[in-house]
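# Understanding the architecture of this molecule
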Amino acid sequence: VPRELRDYFLHWFDFHRLALALTDVYSPVWVFYSGRRFGPRQNRIEGKYLEDFIVRTNSSRGVTAYDVNIPGEQREPAKYKCDQCGKEGVAQWASEKGIDSSLTVHLFDTVESWDTAFLLSGDADFVPVVKSLRRRGKIITGAGFQDASSALVRECYDYIDLKAFFKDDM
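In this report, we go over the structure that sits alongside the text. (Residues numbered from 1 in each chain as written. Predicted model: local features only at pLDDT ≥ 70, side-chain atom pairs only at ≥ 80, totals over all residues. Heavy atoms only, no water.)

Listed in full, the buried residues belonging to helix α2 (residues 15–23) are Phe15, His16, Leu18, Ala19 and Leu22. On an axial view of α2, the arc spanned by its buried residues comes to 160°, and they lie on one face. At the N-terminal boundary of α2, the capping side chain belongs to Asp14, with an oxygen 2.9 Å from the backbone nitrogen of His16. Residue Asp24 follows α2 closely and has a positive phi angle near 65°. (Buried < 20%, exposed > 50% of the residue type's maximum accessible area, 1.4 Å probe, protein only. Helix = DSSP H or I, 4+ residues; strand = E, 2+ residues; numbered from the N terminus. Arc of directions from axis to C-beta. Polar contact = N/O pair within 3.5 Å; in protein donor to acceptor, adjacent residues only side chain to side chain.)

What follows is the structure, encoded as structure tokens:
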């Protein structure tokens, strides 16, 4: 069911519980999100759903959510190929900007206050960040889904498949 993941995040997902399960202690959690939308197209959370999700997230113990979207229209080129006629082209789509860079800045701004961090992402853009933090003696454990970047998985101290980790909940 395409909306299953969206509904799980909206009504059941608990960042505090995830942090406790990953670390075995109470840990502060910072959630960086775009105030425009959250998640892949088929499971997108936006509008009133996003507002409700952020209110619920911020009410969780030890969790702080930051809207880090950079204002303005951000356009990304995307190649496409029609399955029916084979025509290829390039289109543009609106995207969020600011999440990766805001998270990176936060990690480096707070680097003296932690030894281990859990990065909930599968994005290869974080490979240089993880490498740099590892050179500083930090342990970065990644967590995400099976489609995570193999380069990021290699750089992380460990990488946890959240679907397997929370199989009883999903």
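This paragraph deals with the sheet that holds strand β8 (residues 139–144). Spatial ordering of the open sheet is given by β7-β8-β9, a layout of 3 strands whose pairing is parallel. The open sheet has two edge strands, β7 (116–120) and β9 (158–161), and neither has a second partner. The mean inter-strand angle of the sheet, taken between neighbouring strand axes irrespective of direction, is 20°. The pairing of β7 with β8 spans 5 bridges and is classified as parallel. Each residue of the ladder has a partner; that of Phe118, found in β8, is Thr141. (Pairing = 2+ DSSP bridges. Axes fitted to C-alpha atoms, helices over the stretch in contact; angles between N-to-C directions.)

Interpretation note: all reported values are geometric properties and have no functional meaning in isolation.
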